[in-house]
Structure formats: structure tokens, C-alpha cells
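# Descriptive analysis of the structure
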Number of protein chains: 2
Amino acid sequence: MNKSEVKVIAILERVGGFASAKEIYQLLLKNGDSVGLTTIYRALQSLVDDKLLDQLRREDGEAIYRLCGESHHHHLVCKKCGETVEIEGGAIEKWAKNMASEFGFREVDHTAEIFGICSNC
Amino acid sequence: MNKSEVKVIAILERVGGFASAKEIYQLLLKNGDSVGLTTIYRALQSLVDDKLLDQLRREDGEAIYRLCGESHHHHLVCKKCGETVEIEGGAIEKWAKNMASEFGFREVDHTAEIFGICSNC
DNA sequence: TTTAATGCAAATACTTTGCAGGAAA
DNA sequence: TTTCCTGCAAAGTATTTGCATTAAA
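For clarity, every value in this text was computed on a predicted model and none was experimentally measured.

## Focus: the pattern of salt bridges
One pass over the structure, following the stated rule, counts nine salt bridges over all chains. A salt bridge links E62(B) to R58(B), with the nearest nitrogen and oxygen atoms 3.5 Å apart. Salt bridges sharing partners connect three or more residues here, namely E23(A), R58(A) and E62(A).

Structure (C-alpha cells):
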């Protein structure tokens, strides 16, 4: 594991959830670290190969990464103003696990988001 | 719904599962239909907007499409081969409703997908 | 010195958009 | 005519690769 990979892991720890290559890149720059996007991609690829990161896809096809085994949360997003609340998804975790095992799927992951209009809008 | 959209629907009926834009394009060509890839993309986009198709992503980020049933359901998708199972999400519906009301959100909608590797892969 | 890591630029793959010509109403 | 549909070519975005430079061992 080289320096870039350590940096990427550190950022993802700080983020505590999913982030795309570009987001990680920008966080590193903001951090004062000097890196190229290429290096981020290479670090991410290597970390996924080593099974230290999970890789999923956003709806628009962009790849997003997360530390393996990290407990994650979901979002409640306002369709109008974009305000976002992080919520626990205990029920969903169980649902995903049950459904997956019912149909014989392994290495299971999931995405879930709730959209609505917040009380201010 | 115009001619191209009808053609796309017909192909997806024949396929009986997911297909990417390129796959649909090639099937149409093999069929003797003369179409451009651009038109396929436009038809797909329009059908997704009209909620006649579900759109998901393969592991490599390519979009895949398929006819969607009318009832609200969720998907259990194989990250490798794209095989998909439609599943009921009773638990999720409740979770979404509860979370939304807890935080004062209304006009609530949600997305939820489970990813894994199916028993054949 | 020998190997591994880096980053720019170019290449690739998927998808969207601008635009002009053609079909349909 | 007026509007919609098409498809080529160009643009856009995410990601990967070639290659020469640099850092590390």
C-alpha cells in the first residue's frame, strides 16, 4: 500500500460513506495535498482489487467508493431545496440481507434514498 | 410513442430482461431495421421518463434497460451478469414512510436496489 | 542502480447535443 | 407549412493507458 492509497483511505475515513474519484481528488487538494486524478484512479483500482474498498455506481454511472465493512447510512433528500438528512437504515440492512439470501446472492450491497419535500419548503 | 420507441419495446420484449443501448442497437440491425444509435438513446431516455423502462447500471457503468411492471418494486441485481430479480419491498415502504414523517418530509418517494453476485456467477 | 510511483496528455467508452435534412400532420 | 423524427458529427464525461520523469529502496 503506497502513499496515495493511504491518503485515499484517510479521506474515505473522514467522509464516512461513499465518494467518487473526483470528490476524493478535490478533498485532497483542499487538504493541501498535491495529487493527480490519475493517481487517485490507480489507487482506487488497487484498493478495490485488494478488497479494501467497495465500489458501486451512482445512477448517472459514476463510480463511488467506500471503505469495506464500514457501516453506512442513507439519505433523506428534499426535492426542492436539496437539504439532506443522514438517517439510519437498520430496517433496510436486514431487508437487503434477507432478500439476497432468499435468492442465493452473495457479496451483497445496496443503495437506498428517500426523496420528499422538507418542512421548510 | 413514436416508431423507434415501439421498436425498442419490441426488442426488449423479445429479450425478456436487461439490454444495453448498444445491444438493442445491434439486435435491431440484425433484424434488418435501419436505425442510428442516437435514436436508440433518445427512445430509451424517453421511455425511462415515461416510466415504461427501468434503467440500471452494470458494474462497468454501462446503462441497461428493461420493461418494468406497473407495481412498485425493487431490484436485486447481479453485479457480474446483470441478472435481476424483482422483489417486494414492504419493509422498505414502511421505513421510508416512517423516516420521512419523523423529519417532517412530505410527498415522499424512494429508491432502493440491492446488488450482489448471483448463484450462477 | 533498479524498481515503483507519479502525472500529463492522449486514447477509449458511453452518452448527450447541435444541427440540417426528411417525414408526417 | 409547421412540427416532429432522424442520424451524422461533434462535444461531454468518466475512466484507462502510454510514456517520460521523479522518488524511493
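## Some points on the nonpolar core
Of all hydrophobic cores here, the largest spans 26 residues; its most connected members are W95(A) and W95(B). Listing elements by their share of this core, those giving two or more residues are β4 (74-78), β5 (84-87), α4 (90-102) and β6 (106-117) of chain A together with β4 (74-78), β5 (84-87), α4 (90-102) and β6 (106-117) of chain B. Residues in contact with W95(B), not counting those within four places in the same chain, are H74(A), I87(A), E88(A), G89(A), A91(A), I92(A), A112(A) and I114(A). Grouped together as the second largest cluster of nonpolar side chains are 18 residues, L12(A), L28(A), L47(A) and L53(A) included.

## Observations regarding the domain arrangement of chain A
Along its sequence, chain A is carved into domain 1 (3-67) and domain 2 (74-116). Each of domain 1 of chain A and domain 2 of chain A has a C-alpha centre, and the two are 22 Å apart.

## Some points on the protein's contact with DNA strand C
Around DNA strand C lies a shell of 17 residues, among which S4(A), T39(A), R42(A), K22(B) and Y41(B) are the nearest. If you look at DNA strand C and keep only atoms within 4 Å of the protein, 65% of those are sugar or phosphate atoms. Here a base nitrogen of DNA strand C sits 2.6 Å away from a polar atom, N or O, in the side chain of R42(A). Taken together, the elements giving at least two residues each to the surface near DNA strand C come down to α3 (37-49) of chain A together with α3 (37-49) of chain B. The residue inventory of the surface near DNA strand C, partitioned by class, reads three nonpolar, eight polar and six charged.

## Notes on the packing of α4(A) against α4(B)
Two numbers describe a pair of packed helices, the interaxial angle and the distance between the axes. Contact geometry of α4(A) with α4(B) gives a least axis separation of 9 Å together with a crossing angle of 170°. Taken together, the axes of α4(A) and α4(B) lie roughly antiparallel to each other. Crossing hand, α4(A) versus α4(B): left-handed. For the pair α4(A) and α4(B), the contacting residues are A91(A), I92(A) and W95(A) in the first and A91(B), I92(B) and W95(B) in the second.

## A few points about the sheet that holds strand β3 (residues 63-67) of chain B
Residues and elements named next belong to chain B. Within the open sheet, the three strands sit side by side as β1-β3-β2. Their pairing is antiparallel. A strand with exactly one partner marks an edge of an open sheet, and here the two such strands are β1 (19-20) and β2 (53-57). The sheet contact formed by β2 and β3 spans five bridges and is antiparallel. Each bridged residue has a counterpart across the sheet, and for L53 the counterpart in β3 is L67. Packing of helix α1 (residues 3-15) onto the sheet brings it into contact with β1, β2 and β3, and relative to β3 it is tilted by some 85°. Across the sheet, α3 touches β2 and β3, and the angle it forms with β2 is around 110°.

## So, the interface of chain A and chain B
The interface of chain A with chain B comprises 40 residues on the first partner and 39 residues on the second. Between the two partners, chain A and chain B, sit zero salt bridges. Here chain A is connected to chain B by ten residue pairs in polar contact (both at pLDDT 80 or more). Of all the elements in the fold, those that place two or more residues in the side of chain A that touches chain B are β2 (53-57), β4, β5, α4 and β6 of chain A. The leading source of residues in the side of chain A that touches chain B is β6(A), at twelve residues. In terms of residue class, the side of chain A that touches chain B is built from 21 nonpolar, eight polar and eleven charged. Where β6(A) meets β6(B), nine bridges bridge the pair, whose relative direction is antiparallel.

Analysis parameters
Residues numbered from 1 in each chain as written. Chains lettered and ligands numbered in written order. Predicted model: local features only at pLDDT ≥ 70, side-chain atom pairs only at ≥ 80, totals over all residues. Heavy atoms only, no water. Salt bridge = Lys/Arg side-chain N within 4 Å of Asp/Glu carboxyl O. Core = buried A, V, L, I, M, F, W, Y, C linked by side-chain atoms within 4.5 Å. Buried < 20%, exposed > 50% of the residue type's maximum accessible area, 1.4 Å probe, protein only. Helix = DSSP H or I, 4+ residues; strand = E, 2+ residues; numbered from the N terminus. Contact = heavy atoms within 4.5 Å. Domains from an automatic or database assignment. Near = heavy atom within 4 Å. Polar contact = N/O pair within 3.5 Å; in protein donor to acceptor, adjacent residues only side chain to side chain. Nonpolar A, V, L, I, M, F, W, Y, C, P; charged D, E, K, R; others polar. Axes fitted to C-alpha atoms, helices over the stretch in contact; angles between N-to-C directions. Parallel < 35°, antiparallel > 145°, perpendicular 65-115°, else oblique. Left-handed = near helix turned anticlockwise from the far one by under 90°. Pairing = 2+ DSSP bridges.

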